[in-house]
Amino acid sequence: MNLRPLHDRVIVKRLENETKTASGIVIPDNATEKPDQGEVLAVGPGKKNDKGEVIALNVKVGDRVLFGKYSGQSVKVNGDELLVMKEDDLFAVVEK
């Protein structure tokens, strides 16, 4: 199933946090926090300004992004948990 977000929404898949510290200590699942990084899987066409012109989004498919722990709406697609959120909910793009 392909998802096509509307307006200024993006589809993000969370990236899992490390489950082991640098010193080798394994962190149990119930002690880990929700990851706040993800990969953009799909982007909408953009939102319209007052003149009706579409303003393109600043993120693109494949970007690694930062967002708040409770940002977006969680949805399940083909067994994968994805987030649908507005571009305004994203904090930054992680540059490599």
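Above: the structure in question.
Here is a short report on the structure shown in this document. Along each chain, residue indices are assigned from 1 in the same order as the chain's sequence is written. Where local features are concerned, this predicted model is filtered to residues with pLDDT of at least 70; where side-chain atom pairs are given and counted, the filter is 80 or more; whole-chain, interface and lining totals use all residues. Side-chain numbers come from the whole structure's heavy atoms, not from hydrogens or water.

Remarks on the nonpolar core
Within soluble globular proteins, side chains that are nonpolar tend to cluster in buried spots. For the purposes of this section, nonpolar cores are sets of buried Ala, Val, Leu, Ile, Met, Phe, Trp, Tyr and Cys residues that join through side-chain atoms within 4.5 Å. Partly exposed residues are those whose accessible area sits between 20% and 50% of the maximum for their type, while under 20% is buried and over 50% is exposed, using a 1.4 Å probe and protein chains only. With 10 residues, the main nonpolar core is built from Val10, Val12, Val40, Leu57, Val59, Val65, Phe67, Leu83, Met85 and Leu90. We count a stretch as a helix when DSSP gives it H or I for four or more residues in a row; a strand needs E for two or more, and each element gets its number in order from the N terminus. At the level of elements, strand E1 (9–14), strand E5 (64–67) and strand E7 (80–86) are the ones that each hand at least two residues to this core. When residues no more than four places from it in sequence are discounted, the contact partners of leucine 90 are Val10, Val59, Val65, Leu66, Phe67 and Met85. Here a residue-residue contact requires only that any non-hydrogen atoms of the pair lie within 4.5 Å.

Topic: the sheet that holds strand E8 (residues 90–94)
Two strands pair under a simple rule: DSSP has to find at least two bridges between them. One open sheet accounts for six strands, arranged E6-E7-E1-E2-E5-E8; its pairing is antiparallel. In this open sheet, the two strands that pair with only one neighbour each are strand E6 (73–77) and E8. In this sheet, neighbouring strand axes are inclined to one another by 40° on average, regardless of whether the strands run parallel or antiparallel. Where E1 and E7 come together, four bridges link them in antiparallel fashion. Across the sheet, the residue bridging to valine 12 is leucine 83, located in E7. Each axis is a line fitted through C-alpha atoms, and for a helix only the stretch in contact is used; angles between axes span 0 to 180 degrees, taken between their N-to-C directions.

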